[in-house]
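Listed below, chain by chain, are the residues.
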Amino acid sequence: MVDSLGVAVVGFGWMGRVHTQAYARVLHHYPRLGLRPQLITVAEEVPGRAEEAAAQFGFASTTRDWRDVVGDPRIQAVSITAPNFLHREIGVAMAEAGKHIWIEKPVGLSAADARAVADAVATAGVQGAVGFNYRNAPAVEAARELIASGAIGTVTHVRVRLFSDYAAHPESALTWRYEKERGGSGVLGDLASHGADLARYLLGDIEALTADTAVFIPQRARPTGATAGHTRATGGELGPVENEDYVSCLLRFASGARGVLEACRVSVGEQNNYGFEVHGTRGAVFWDFRRMNELGVSRGTSYQDQPVSTVYVGPGDGEFAAFQPGAANAMGMDDLKVIEAHRFLRSIAEGKPQGATLPDAVHSAAVLEAMARSVESGSWVSLRA
């Protein structure tokens, strides 16, 4: 017997839509899950958007005020995909109301915000999942196992990159993403948060770092109406971009490994160029999100002139078998969110965390704040407890 679980989605931009689609698909891929998500309410303040979502996806009700979800007894789990400045208030309120939460990174504007949500989840005894979706790629999980097995020897250094052009156009609207009060950091929270999580997921805790940031497009036009995603605005009043377009960071891991993390939201010619290269004393492993289901692997005893082989992930690697029957059949971005939904719902069913959790978000946020402190001081910053 499959139990029904009432869910709500708060914020229905692109990511709210992705969460909703994941709920709709999850039992197709995981029929033995034991929980059937039931779409109860979509909350979205932009007029008409919630009603459109309900008509398309079958939500039972709509609201423009997320607070209506807090006291609704029909709802046991909530996806929080609203803008960053609302994460703390919504996350704490939902957890204190006894609702499980699946919240998008960076979980607020600061490490304090992430800790507040994590503490509320722990105190309430509910489950909390965080949207670090790239770690769910079967190839990334395979790379982690390869590294942990010692197949490439002792890790010496890693490079993590996250380059995109979503904000490269000078006419991109000055939305909340570019304001410190509502967006917090810029590319730090948006992309480098994923990089910090991937680096720690693959190699363990980061011990110290030094960073540099830059704003390359200092002004943008204010939008004249509601926006979604990365829309353009022309003719509007110009306002300042208050957070960074670019970050570069040197990392020292507790293991002794070294690393470089680089992220940019205004990289012309780059579309979702996300990935990593991990080098060890006897080999290396390479991953590119744009070729999500492949790994470049070099291992052996040659050291010099050692070749790199392309490995196609397949059943047996991460959650690949839930989507495709054989290696080299492609998976996509939305599949990673289905995996995330499955782990969130499984954590509710089993009463124990699965996948990325609020403590992971706290770790990532602490790394981002250390980067910001390093930029201010111009020096290395320690992350030791």
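Computed from a predicted model, the values in this text were never measured in an experiment.

> What is the right way to look at the overall build of the protein in this model?
Within the protein one finds 10 helices and 17 strands. Taking 385 residues into account, the globule formula puts the C-alpha radius of gyration at 21 Å, and the protein, at 21 Å, falls close to it. Taking the principal axes of its C-alpha atoms as reference, the protein extends roughly 65 × 55 × 40 Å. Looking at the protein residue by residue over its 385 residues, the buried ones come to 56%. Considering only residue pairs separated by 6 or more positions, the protein has 71% of its internal contacts joining residues 24 or more positions apart. Computed over 36 positive and 43 negative side-chain charges, the separation of the two mean positions in the protein equals 3 Å.

> What is the right way to read the side chain of Lys337 from this model?
Mapped onto the secondary structure, Lys337 falls in helix H9 (residues 333–350). The exposure class assigned to Lys337 is buried, which follows from its relative accessible area of 0%. Residues within four places of Lys337 in sequence aside, it is in contact with Met15, Val18, His19, Ala22, Trp102, Glu104, Gly131 and Asn133.

> I'm lost on the environment of Met15 in this one. Help?
You can see Met15 is positioned in helix H1 (residues 14–29). Note on Met15: relative accessible area 15%, which makes it buried. Taking the C-alpha atoms as reference, Met15 lies 9.8 Å from Gly131; in sequence the two are 116 residues apart. Excluding its chain neighbours within four sequence positions, the residues that come into contact with Met15 are Thr81, Glu104 and Lys337.

> Please clarify how the sheet that holds strand S8 (residues 206–214) should be interpreted in this entry.
Note: strands within a sheet are paired through backbone hydrogen bonds, in either parallel or antiparallel orientation. Across the sheet, which stays open at both edges, the nine strands sit in the order S16-S15-S14-S13-S7-S12-S11-S8-S17 with mixed pairing between neighbours. What marks the edges here is a single partner per strand, and that holds for strand S16 (309–312) and strand S17 (381–382). This element, helix H10 (residues 358–377), spans S8, strand S11 (246–253), strand S12 (258–264) and S17 of the sheet and lies at about 55° to S8.

> What am I meant to see in empty space enclosed by the protein here?
The probe, sized like a water molecule, is rolled over the atoms to show the empty space still left. Across all of its chains, the model carries two cavities of 30 Å³ or more by this definition. By volume, the largest cavity is sized at about 50 Å³. When contributions to the lining of the largest cavity are tallied by element, the ones reaching two or more residues are strand S6 (128–130) and H9. Looking at which element gives the most residues to the lining of the largest cavity, the answer is H9, with three residues. For the lining of the largest cavity, a count of residues per class yields five nonpolar, three polar and three charged.

> What am I meant to see in the nonpolar core here?
If you look at soluble globular proteins, the nonpolar side chains tend to sit buried side by side. Counting residues in hydrophobic clusters, the biggest one holds 91 residues, and the most contacted among them are Val278, Val285, Trp287 and Met371. Once residues lying within four places of it in the same chain are set aside, the contact partners of Val278 are Ile147, Ile152, Val155, His157, Val158, Leu202, Leu203, Gly283, Ala284 and Val285. In this structure, Trp66, Val78, Val117 and Ala120 belong to the second largest nonpolar core, which totals 34 residues.

> Explanation requested: unusual backbone geometry in the structure shown.
With the exception of glycine, most residues fall at negative phi, and the peptide bonds are largely trans. A cis amide bond links Lys105 with the next residue in sequence, Pro106, at an omega value of 10°. Among the structural elements, Pro106 can be located in the loop between strand S5 (100–103) and helix H5 (111–124). In this structure, Val107 is a non-glycine residue whose phi angle is positive, near 60°. With respect to the helices, strands and loops of the structure, Val107 is situated in the loop between S5 and H5. Taking relative accessible area as the criterion, Val107 reaches 0% and is therefore assigned buried. Phi angles above zero are rare outside glycine, and Tyr303 is one such case at about 60°. Mapped onto the secondary structure, Tyr303 falls in the loop between strand S15 (294–299) and S16. Residue classification places Tyr303 among the exposed residues on the basis of a relative accessible area of 54%.

What counts and how
Residues numbered from 1 in each chain as written. Predicted model: local features only at pLDDT ≥ 70, side-chain atom pairs only at ≥ 80, totals over all residues. Heavy atoms only, no water. Helix = DSSP H or I, 4+ residues; strand = E, 2+ residues; numbered from the N terminus. Rg over C-alpha atoms; globule rule 2.2 N^0.38 Å. Buried < 20%, exposed > 50% of the residue type's maximum accessible area, 1.4 Å probe, protein only. Contact = heavy atoms within 4.5 Å. Lys, Arg positive; Asp, Glu negative; His and termini not counted. Charge placed at Lys NZ, Arg CZ, Asp CG, Glu CD. Pairing = 2+ DSSP bridges. Axes fitted to C-alpha atoms, helices over the stretch in contact; angles between N-to-C directions. 1 Å grid on protein atoms, 1.4 Å probe; cavity = no way out; pocket = protein on both sides within 12 Å on 5 of 7 lines; lining within 4 Å. Points joined across faces, edges and corners; volume = space filled by probe spheres on them. Nonpolar A, V, L, I, M, F, W, Y, C, P; charged D, E, K, R; others polar. Core = buried A, V, L, I, M, F, W, Y, C linked by side-chain atoms within 4.5 Å.

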